[in-house]
Amino acid sequence: MSENQVSAGRAVPIVISNSEDHTFELDEEALEKILLQEKVRDKKVIVVSVAGAFRKGKSFLLDFFLRYLHSGGQYSNEWIGAEDDALTGFPWRGGSERDTTGILIWSEPFLCQGPDGEEVAVILMDTQGAFDSQSTVKDCATVFALSTMLSSVQVYNLSQNIQEDDLQHLQLFTEYGRLALENSSAKPFQSLVFLVRDWSFPYEAGYGFEGGNATLEKRLKLSDKQHVELQQVRKHIRSCFQNISCFLLPHPGLKVATNPKFDGRLSDIDDDFKKQLRTLVPSLLAPDQLISKEINGTKVTARALVEYFKAYIQIYQGDELPEPKSMLQATAEANNLAAVANAKDIYNKEMEQVCGGDKPYLNPHDMDAAHERCREQAMTLFNSTKKMGGEEFSAQYSSKLGGEIEEQYEIYCRSNDSKNIFNAARTPATLFSVSIIMYFLSGCFGIIGLYSMANFANVLLGLSLVLLFAWAYIRYSGKYREPGMYIDMLADIIWNSILKNVVERLIYQSSKQAMKKALDKKTK
């Protein structure tokens, strides 16, 4: 981005949306070229953002903000422009497809006199519309949360009315922003303006702030008759913002809505809309109405705002925050997890009947058969349970159930093995056998004069006895469990690599001799 482009003024993408992997990147170079200009970097900033659903006229509205600021920020009506002037600035167009992606700010911060007479920098921010066909819930939540965290005034752009789903979306998005802030005990965000476009009930509540605030008060009113969920939504919104207001704006007219060649000329816009614009825009941007950006009670300069941009975008690029989900997805997850829990409970109950803590040792073959039977029963229960999300969504939970059942089966196997008296006695039997073998070897080596070998056998004899008594103490006292585990491991190695083969051969030879003698007696 060249210096000429900055001075000319244009909408610059700062937070760039990657539609392929649904991530966001900060264009640090572009941001710094705007906010670190010498005339701006040490000024306190006022950040005005417009956010809401896509194709609801956010960029169109911001261009009137630009006209007002270019005019010098006066209360006179001339700022709105000539009747035949096309509306330029932030890119916008008619139609049903989205136009803005990510977060954009105007490349030319406006230097104005603040309420206390100090010169401040006004920054306008445009945001990607929510709930289009290409954005996930996380995309929408991230853009709204970032713009709310970084703005001093967040204009929540709505269509026709303040509906319950608008409040629920606001709750989700602001909570996603509040999670990213370390200290959120106080109200973390500053000013929220509900801007209701195309208001069609002026006979109930008049246009402007007076009718808007009355309508908002009704929507946010708490009542004992309300469901707890509805009360929580309203309490949450009030707890997030230091100031909340509402403005009702009429429809701009049929020419705006239906003419594909509409370019923003005032001559094509209804007088009621222009009249209310002359009230709305100065109420946000007039010098005595400007709200400086504050974080933790400290007013933020343009230089500091750059650092906050960098810090906040890193939070949303990492894995620290939970994934925001749609109501359907959250319900489907809970529904499938409940089905997994029920199926796993059936498996555990059936296995407890077979090899529970009070049941005797069961041979491995029967254990495997019982496991397969109980597993099949649990999977059948899971598959027959009615679940939300469809088969593809439930498949991952079916795999999760299978994995958890296998993990539980391993626990049952270890418990069953501990009931086998031969397994339980393997360590002492192995160490005792080593002691006996070393005793005889020591004697044999001594008889034939191999005293060094006899001494080595005596050392192994003593070591095996020490380990045997140590193991007995550990099992009796329950202390020093980790050394006990190492003794068991050593005994297993000795058993599997040496003694097991010897014992099996002895058993085989003994059985062979016994059968031979039995056959000989039978033939005689």
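Up top is the structure.
What counts, and at which threshold
- Residues numbered from 1 in each chain as written.
- Predicted model: local features only at pLDDT ≥ 70, side-chain atom pairs only at ≥ 80, totals over all residues.
- Heavy atoms only, no water.
- Helix = DSSP H or I, 4+ residues; strand = E, 2+ residues; numbered from the N terminus.
- Buried < 20%, exposed > 50% of the residue type's maximum accessible area, 1.4 Å probe, protein only.
- Contact = heavy atoms within 4.5 Å.
- Areas by Shrake-Rupley, 256 points an atom, 1.4 Å probe, with all protein chains shown as cover.
- Pairing = 2+ DSSP bridges.
- Axes fitted to C-alpha atoms, helices over the stretch in contact; angles between N-to-C directions.
- Parallel < 35°, antiparallel > 145°, perpendicular 65-115°, else oblique.
- Left-handed = near helix turned anticlockwise from the far one by under 90°.
- Polar contact = N/O pair within 3.5 Å; in protein donor to acceptor, adjacent residues only side chain to side chain.
- Salt bridge = Lys/Arg side-chain N within 4 Å of Asp/Glu carboxyl O.
- Phe/Tyr/Trp six-rings, centres within 6.5 Å; stacked < 30°, edge-to-face > 60°.

Peer 1: Which residues make up the overall build of the protein chain, and what values go with them?
Peer 2: Helix and strand counts for the protein chain come out as 17 helices and 11 strands. Counting all 524 residues of the protein chain, 41% fall into the buried class. Of the contacts formed within the protein chain by residues at least 6 apart in sequence, a portion of 75% connects residues at least 24 apart. A total accessible area of about 28,500 Å² is found for the protein chain, and carbon and sulfur atoms account for 54% of it.

Peer 1: Please give an account of the pairing of strand 1 (residues 11-18) that cites residues and values.
Peer 2: The sheet contact formed by strand 1 and strand 4 (residues 103-106) spans 4 bridges and is antiparallel. For Ala11, the partnering residue across the bridge sits in strand 4 and is Trp106. Pairing analysis gives 4 bridges linking strand 1 to strand 2 (residues 23-26), with the strands arranged antiparallel. Pairing of Ser17 across the sheet is with Phe24, part of strand 2.

Peer 1: Kindly report on the packing of helix 2 (residues 28-35) against helix 10 (residues 302-317), identifying the contributing residues and their values.
Peer 2: For any two helices packed against each other, the geometry is given by the interaxial angle and the distance between the axes. Running from N to C, helix 2 and helix 10 point in directions that differ by 165°, and their axes come no closer than 9 Å. Overall, the two elements helix 2 and helix 10 adopt an arrangement that is roughly antiparallel. Here helix 2 runs over helix 10; the crossing is right-handed. Between helix 2, through Glu28, Leu31, Glu32 and Leu35, and helix 10, the contact on the second element is made entirely by Ala302, Arg303, Leu305, Val306, Phe309 and Lys310.

Peer 1: Pulling in residues and values, what's your account of unusual backbone geometry?
Peer 2: Even without being a glycine, Gln160 presents a positive backbone phi close to 75°. Here Gln160 lies in the loop between strand 7 (153-159) and helix 5 (164-180). In this structure Gln160 comes out as partly exposed when scored by relative accessible area, which is 46%. Within the chain, Asp198 stands out as a residue other than glycine whose phi angle is a positive 55°.

Peer 1: With reference to specific residues and values, describe the environment of Cys246.
Peer 2: By the secondary structure assignment, Cys246 is in strand 9 (residues 241-248). In the structure, Cys246 is positioned 53 residues away from Val193 in sequence and 5.3 Å away in space, judged by C-alpha atoms. In this structure, Cys246 is in contact with Ile162, Phe194, Val196, Gly208, Phe209, Gly212, Asn213 and Leu216, ignoring residues within four places of it in sequence.

Peer 1: Any details on the side chain of His236? Residues and values, ideally.
Peer 2: Along the polypeptide, His236 turns up in helix 7 (residues 228-240). Of the polar contacts made by the side chain of His236, one reaches the backbone oxygen of Gln171; its length is 3.3 Å. In contact with His236, not counting residues within four places along its chain, are Gln171, Thr174, Glu175 and Arg178.

Peer 1: Quick rundown of the pattern of salt bridges? Include the residues and the values.
Peer 2: Enumeration over the complete set of coordinates arrives at 16 salt bridges. Between Lys310 and Glu28 there is a salt bridge, and its shortest N-O distance comes to 3.9 Å. Here the residue Lys310 occupies a position in helix 10, and Glu28 occupies one in helix 2, the gap between them amounting to 282 residues. Judged by its relative accessible area of 18%, Lys310 falls in the buried class. With relative accessibility at 38%, the residue Glu28 sits in the partly exposed group. With a shortest N-O distance of 3.6 Å, Lys344 and Glu404 are connected by a salt bridge. Separated by 60 residues along the polypeptide, Lys344 in helix 11 (residues 327-355) and Glu404 in helix 13 (residues 390-419) bring together distant segments of the chain. Among the charged side chains, a salt-bridge network with shared partners connects Glu28, Glu32, Glu307 and Lys310.

Peer 1: Help me get a handle on the packing of aromatic side chains, residues and values and all.
Peer 2: As enumerated under the stated definition, the model contains 13 aromatic pairs in all. Look at Phe209 and Phe247: their rings are 4.8 Å apart centre to centre, the planes differ by 80°, and that puts the pair in the edge-to-face class. In this pair, Phe209 is assigned in helix 6 (residues 209-219) and Phe247 in strand 9, connecting sequence segments 38 residues apart. With a relative accessible area of 23%, Phe209 lands in the partly exposed category. By relative accessible area, Phe247 is classed as buried at 0%.

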